[in-house]
Amino acid sequence: MQIDLNSLSRKELEALRADVEKALSTLENRERSAALNAAKQAAEAHGFTLDQLTGVSLSKGSSKGKSKNPAKYRNPENPMQTWTGRGRKPQWIKDAEEAGVDISTLEI
């Protein structure tokens, strides 16, 4: 399929881009689903479930409301801000360290 992009208007090009992005998104979902089904079949062929092999439950909603890594640190100035101790340090941790605060005093 050959489209002469130079002959299309801005509106037509933007609509085409939206259609392409939508198509790519649905294609990714279909490919992911096919790969998951293939992995499940391979696991079952060896007498296992995919959950048993990965140690992760793939059932929908099973981890709803649960955090894999609970918060380890809390901002004393704003208790709604927490950090698990993994990944990039939030700015409030960096600010506390620069102010000479021992990070262990921020532990929950």
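Residues numbered from 1 in each chain as written. Predicted model: local features only at pLDDT ≥ 70, side-chain atom pairs only at ≥ 80, totals over all residues. Heavy atoms only, no water.

### Observations regarding the overall build of the protein
Stage number 1. On a plain count of helices and strands, the protein comes out with 3 helices and 2 strands.
Stage number 2. When its helices and strands are written in sequence order, the protein yields α-α-β-β-α.
Stage number 3. Contacts in the protein between residues far apart in sequence, at least 24 positions, make up 21% of those at least 6 positions apart.
Stage number 4. Summed over its atoms, the accessible surface of the protein is roughly 9300 Å², and 52% of this surface lies on carbon and sulfur atoms. (Helix = DSSP H or I, 4+ residues; strand = E, 2+ residues; numbered from the N terminus. Contact = heavy atoms within 4.5 Å. Areas by Shrake-Rupley, 256 points an atom, 1.4 Å probe, with all protein chains shown as cover.)

### Concerning the pattern of salt bridges
Stage number 1. A complete count under the given rule lists 2 salt bridges for this structure.
Stage number 2. A salt bridge links Arg32 to Glu28; the shortest N-O distance between them is 3.0 Å. In this pair, Arg32 and Glu28 are both assigned in helix α1 (residues 10-45), 4 residues apart and thus about one turn of the helix distant.
Stage number 3. Overall, Glu28 belongs to the partly exposed group, its relative accessible area being 42%. (Salt bridge = Lys/Arg side-chain N within 4 Å of Asp/Glu carboxyl O. Buried < 20%, exposed > 50% of the residue type's maximum accessible area, 1.4 Å probe, protein only.)

### Structural notes on a nonpolar patch on the surface
Stage number 1. A cluster of nonpolar side chains, namely Met1, Ile3, Leu5 and Leu13, defines an oily patch on the protein surface of about 440 Å² accessible area.
Stage number 2. Relative to the assigned elements, Leu13 resides in helix α1.
Stage number 3. For Leu13, a relative accessible area of 33% puts it in the partly exposed group. (Patch = residues over 30% accessible without salt bridge, like charges linked within 9 Å, V, L, I, M, F, W, Y side chains within 5 Å.)

### Concerning the nonpolar core
Stage number 1. Counting residues in hydrophobic clusters, the biggest one holds 6 residues: Tyr73, Trp83, Trp92, Ile93, Ala96 and Leu106.
Stage number 2. Of all the elements, helix α3 (residues 91-98) adds the most residues to this core, at 3 residues.
Stage number 3. Setting aside chain neighbours within four positions, we find Ile93 in contact with Tyr73, Trp83, Ile103 and Leu106. (Core = buried A, V, L, I, M, F, W, Y, C linked by side-chain atoms within 4.5 Å.)

### Here we look at the side chain of Asn75
Stage number 1. By secondary structure assignment, the location of Asn75 is in the loop between β1 (73-74) and β2 (82-83).
Stage number 2. Only 3.0 Å separates the side chain of Asn75 from the backbone nitrogen of Glu77, close enough to count as a polar contact.
Stage number 3. Engagement of the side chain of Asn75 in a polar contact is seen with the side chain of Gln81, the distance being 2.5 Å.
Stage number 4. If sequence neighbours within four positions are ignored, Asn75 has contacts with Gln81 and Trp92. (Polar contact = N/O pair within 3.5 Å; in protein donor to acceptor, adjacent residues only side chain to side chain.)

### Observations regarding α1
Owing to its 3.6 residues per turn, the α-helix aligns residues three or four sequence positions apart on the same side.
Stage number 1. Here α1 spans 52 Å end to end across 36 residues, near enough to the 52 Å set by a 1.5 Å rise per residue.
Stage number 2. Just beyond α1, the residue with positive phi is Gly47, at close to 85°. (Expected span 1.5 Å × (residues − 1).)

### Points about the environment of Leu36
Stage number 1. Examined against the element boundaries, Leu36 turns out to sit in helix α1.
Stage number 2. Considered as a pair, Leu36 and Leu50 are 14 residues apart in the sequence and their alpha carbons are 9.1 Å apart.

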